[in-house]
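Observations on chain architecture
As a plain string of letters, each chain reads:
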Amino acid sequence: GSQIPTTPRGITMSHKDVILRDLTLDGCTNQVVGTGSGIRLEKGWIENVRITRIQQKNTGGHQSAVGLYMNGGTATNVVIDNCSCPSSYGNTQGIGAMVGGGLLVDSEVRDIKLNRGELHGIGVNVTGGTVRRVKITNVRGLAWSNTYGSGLYVGGSGTAEDCEIRGCLQGVYIDGGTLRNSLIVGNDNNGSDKHAGGLWQGGGTVVNCTCADNETTQEDANSDFLASAGTTVNTIAIKANVSGGTRRNNCFNEPVAFKRGYHLKGNANPCVNAGDNTMWAGVENPKDLDGNARIRGRIVDLGCYEFGVMGLMLL
């Protein structure tokens, strides 16, 4: 229900018992360098909230955490769109959401467009806490030098899981933390740097992700996945360039039979029952990106979806 019109700043939540729900936060403006121009969530709970047209107007180079800043608490069913900061060149992070702690879940970040470069996770930037079941689409900026992972950045001790990243400039960059069970498709790199269009890994751990139909103007082999460090397990990347790190039970640079929505097709598919189950040890009630059982047979499949549909047999 309620809507808050244009105000100098947004909302700060720092008490564990505070609940904010059923709200549209529209057009807040922050004139100084800071974090959380829309909502700054340190403790408490926000639910069914839209954060839109939030602006950071300071002209300094570094900009971060314009729409939502989280250092704790829970944010669920949140839509963040059309947040912005001035045209410039400088380290730019989390213009949609910046997560250093807490849980961002069942949410959407979309339509973040900046006329500036040096972009690192301007859709969602997670260095602590967990981002789960978040869809990130149409996040764009200038592909200048040092621009990578505009859609999603994962670092530090952060975890991103069950996410979908589409239509972004250089979709995902990870150099720490964990990226799990996510779909990275339809992103691109149209800049001068030879970075991946889909997923670039410089560290951290990638588990059971699917990277396909991403593009780069530089080298086809970088289109879906570029890796120089870190650990990758149970992951599909149709066009990959891997120069370092640890890789186990993956499918790189091989044709994979997909049916609609990048689900695996056919029992003879080399990605079925080809994974490493140890990467799911300790995960309670593991699910694939559809919410189905993550390990349906004895061995986990590659990619973000398990093959097949559980049915009912009548005798």
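Residues numbered from 1 in each chain as written. Predicted model: local features only at pLDDT ≥ 70, side-chain atom pairs only at ≥ 80, totals over all residues. Heavy atoms only, no water.

1. Focus on the overall build of the protein chain
- When its secondary structure is counted, the protein chain shows zero helices and 30 strands.
- Taken across its 315 residues, the protein chain has 54% of its residues classed as buried.
- Counting contacts in the protein chain only where the partners sit at least 6 residues apart, residues at least 24 apart contribute 66% of the total.
- When the accessible area of the protein chain is evaluated, it comes to approximately 12,700 Å², of which 47% is carbon and sulfur surface. (Helix = DSSP H or I, 4+ residues; strand = E, 2+ residues; numbered from the N terminus. Buried < 20%, exposed > 50% of the residue type's maximum accessible area, 1.4 Å probe, protein only. Contact = heavy atoms within 4.5 Å. Areas by Shrake-Rupley, 256 points an atom, 1.4 Å probe, with all protein chains shown as cover.)

2. Here we look at the nonpolar core
- Counting 54 residues, the largest nonpolar core has Ile39, Ile46, Leu68, Leu152 and Leu179 as its most contacted members.
- Sequence-distant contacts of leucine 68, defined by excluding residues within four places in its chain, comprise Ile39, Leu41, Ile46, Ile51, Ala75, Ile80, Gly96, Ala97, Met98 and Leu104. (Core = buried A, V, L, I, M, F, W, Y, C linked by side-chain atoms within 4.5 Å.)

3. Considerations on the sheet that holds strand 10 (residues 89-93)
- Taken in spatial order, the three strands of this open sheet run 8-10-12, and their pairing is parallel. Edge strands, defined here as strands with exactly one partner in the open sheet, are strand 8 (63-64) and strand 12 (117-119). (Pairing = 2+ DSSP bridges.)

4. Overview of the packing of aromatic side chains
- Applying the stated rule across the entire model yields six aromatic pairs.
- Stacked on the ring of tryptophan 280, the Lys or Arg arginine 180 has its end atom at 4.8 Å from the ring centre. (Phe/Tyr/Trp six-rings, centres within 6.5 Å; stacked < 30°, edge-to-face > 60°. Lys NZ or Arg CZ within 6 Å of the ring centre and 35° of its normal.)

5. Quick notes on the pattern of salt bridges
- A full pass over the atoms with the stated rule returns 13 salt bridges.
- A salt bridge links aspartate 188 to arginine 140; its shortest N-O distance comes to 2.8 Å. Taken together, the residues aspartate 188 in strand 20 (residues 188-189) and arginine 140 in strand 14 (residues 130-140) connect sequence positions 48 residues apart.
- A network of salt bridges, in which partner residues are shared, links Glu108, Arg110 and Asp111. (Salt bridge = Lys/Arg side-chain N within 4 Å of Asp/Glu carboxyl O.)

6. Structural notes on the confidence of the model for the protein chain
- In the predicted model, the protein chain carries a mean pLDDT of 89, and the fraction of residues at 70 or more is 90%.
- For residues 1-7, every residue scores under 50 in pLDDT, and the model assigns this stretch 18 contacts once sequence neighbours within four places are set aside. (pLDDT = per-residue confidence, 0-100.)

7. Description of the side chain of threonine 159
- Mapping threonine 159 onto the fold places it in strand 16 (residues 159-161).
- Threonine 159 sits in the buried class, given a relative accessible area of 18%.
- Among residues more than four places away in sequence, those in contact with threonine 159 are Val126, Gly129, Thr130, Val131 and Thr178.

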